[in-house]
Amino acid sequence: MSESLQALMTVQGMLTAVSGGFNALYFAGYSTSHPARKIATLVLARVNLSFLLQGLYWGLYWTVLPASNGSSNPLGSGSLLLVGLITLMSSLAITALILRQRFNGRRKG
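Rules behind the numbers
Residues numbered from 1 in each chain as written. Predicted model: local features only at pLDDT ≥ 70, side-chain atom pairs only at ≥ 80, totals over all residues. Heavy atoms only, no water. Phe/Tyr/Trp six-rings, centres within 6.5 Å; stacked < 30°, edge-to-face > 60°. Buried < 20%, exposed > 50% of the residue type's maximum accessible area, 1.4 Å probe, protein only. 1 Å grid on protein atoms, 1.4 Å probe; cavity = no way out; pocket = protein on both sides within 12 Å on 5 of 7 lines; lining within 4 Å. Points joined across faces, edges and corners; volume = space filled by probe spheres on them. Helix = DSSP H or I, 4+ residues; strand = E, 2+ residues; numbered from the N terminus. Nonpolar A, V, L, I, M, F, W, Y, C, P; charged D, E, K, R; others polar. Contact = heavy atoms within 4.5 Å. Polar contact = N/O pair within 3.5 Å; in protein donor to acceptor, adjacent residues only side chain to side chain. Core = buried A, V, L, I, M, F, W, Y, C linked by side-chain atoms within 4.5 Å. Patch = residues over 30% accessible without salt bridge, like charges linked within 9 Å, V, L, I, M, F, W, Y side chains within 5 Å. Areas by Shrake-Rupley, 256 points an atom, 1.4 Å probe, with all protein chains shown as cover. Salt bridge = Lys/Arg side-chain N within 4 Å of Asp/Glu carboxyl O.

1. Notes on the packing of aromatic side chains
Part 1: Under the counting rule described, the total for this entry stands at five aromatic pairs.
Part 2: Where Tyr26 meets Tyr30, the ring centres are 6.0 Å apart and the plane angle is 45°; that geometry is what we call tilted.
Part 3: Of the residues examined, Tyr26 reaches a relative accessible area of 18% and is grouped as buried.
Part 4: With centroids separated by 5.0 Å and ring planes inclined at 80°, the aromatic side chains of Tyr57 and Trp58 adopt a geometry described as edge-to-face.
Part 5: Residue Trp58 is classed as partly exposed on the basis of its relative accessible area of 24%.
Part 6: Three or more aromatic residues link up through ring pairs in this structure, and these residues are Tyr26, Phe27 and Tyr30.

Here is the structure:
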């Protein structure tokens, strides 16, 4: 795998980790008295925690991989890049919704 592709996948993993971490912290601190919203908040916090962990794993994996002589990947780099992009886009979409809600709330209040 080329060094530029490994760098791209490292950046993708780190962006996913940062976005997922931000989202997980937001939902962990979100409070509501409505039972259904409590469950939804808990689920969203856990989903975003998984984004954080997945991003850290792949970001660190592609950072360490060159030291391991670039062992082959059974799925192929293109497949992993696509899966990582789907995860990154999902996490960033949630981040955008959080930021939109937070900034809209401040303007109205």
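2. Here we look at the layout of surface pockets
Left-over empty space is what a probe sized like a water molecule reveals as it rolls over the atoms.
Part 1: Here the largest pocket defines a volume of roughly 240 Å³.
Part 2: Forming the boundary of the largest pocket are Tyr26, Phe27, Tyr30, Arg37, Ala40, Thr41, Leu44, Ile94, Leu97, Ile98 and Gln101.
Part 3: Where the lining of the largest pocket is concerned, the elements lending two or more residues are helix H1 (3-29), helix H2 (35-64) and helix H3 (77-108).
Part 4: Partitioned by chemical class, the residues of the lining of the largest pocket number eight nonpolar, two polar and one charged.

3. Thoughts on the side chain of Thr95
Part 1: Here Thr95 shows up in helix H3.
Part 2: Those residues in contact with Thr95, other than ones at most four positions away along the chain, are Ser19, Phe22 and Asn23.

4. A short note on the side chain of Thr16
Part 1: With respect to the helices and strands, the residue Thr16 is situated in helix H1.
Part 2: Using a relative accessible area of 3% as the deciding quantity, one classes Thr16 as buried.
Part 3: A polar atom in the side chain of Thr16 sits 2.9 Å from the backbone oxygen of Gln12.
Part 4: If sequence neighbours within four positions are ignored, Thr16 has contacts with Phe51, Gly55, Gly84, Thr87, Leu88 and Ser91.

5. Side note on the nonpolar core
Part 1: Counting six residues, the largest nonpolar core is built from Tyr26, Phe27, Ala45, Phe51, Ile94 and Ile98.
Part 2: Put simply, the parts of the chain that give this core at least two residues each are H1, H2 and H3.
Part 3: With residues near it in sequence (within four places) discarded, Tyr26 still touches Ile98, Gln101 and Arg102.

6. A word on a nonpolar patch on the surface
Part 1: Side chains of Leu49, Leu53, Leu56 and Leu60 sit close together on the surface and give an oily, nonpolar patch of about 350 Å² of accessible area.
Part 2: By the secondary structure assignment, Leu53 is in helix H2.
Part 3: A relative accessible area of 51% means that Leu53 is categorised as exposed.

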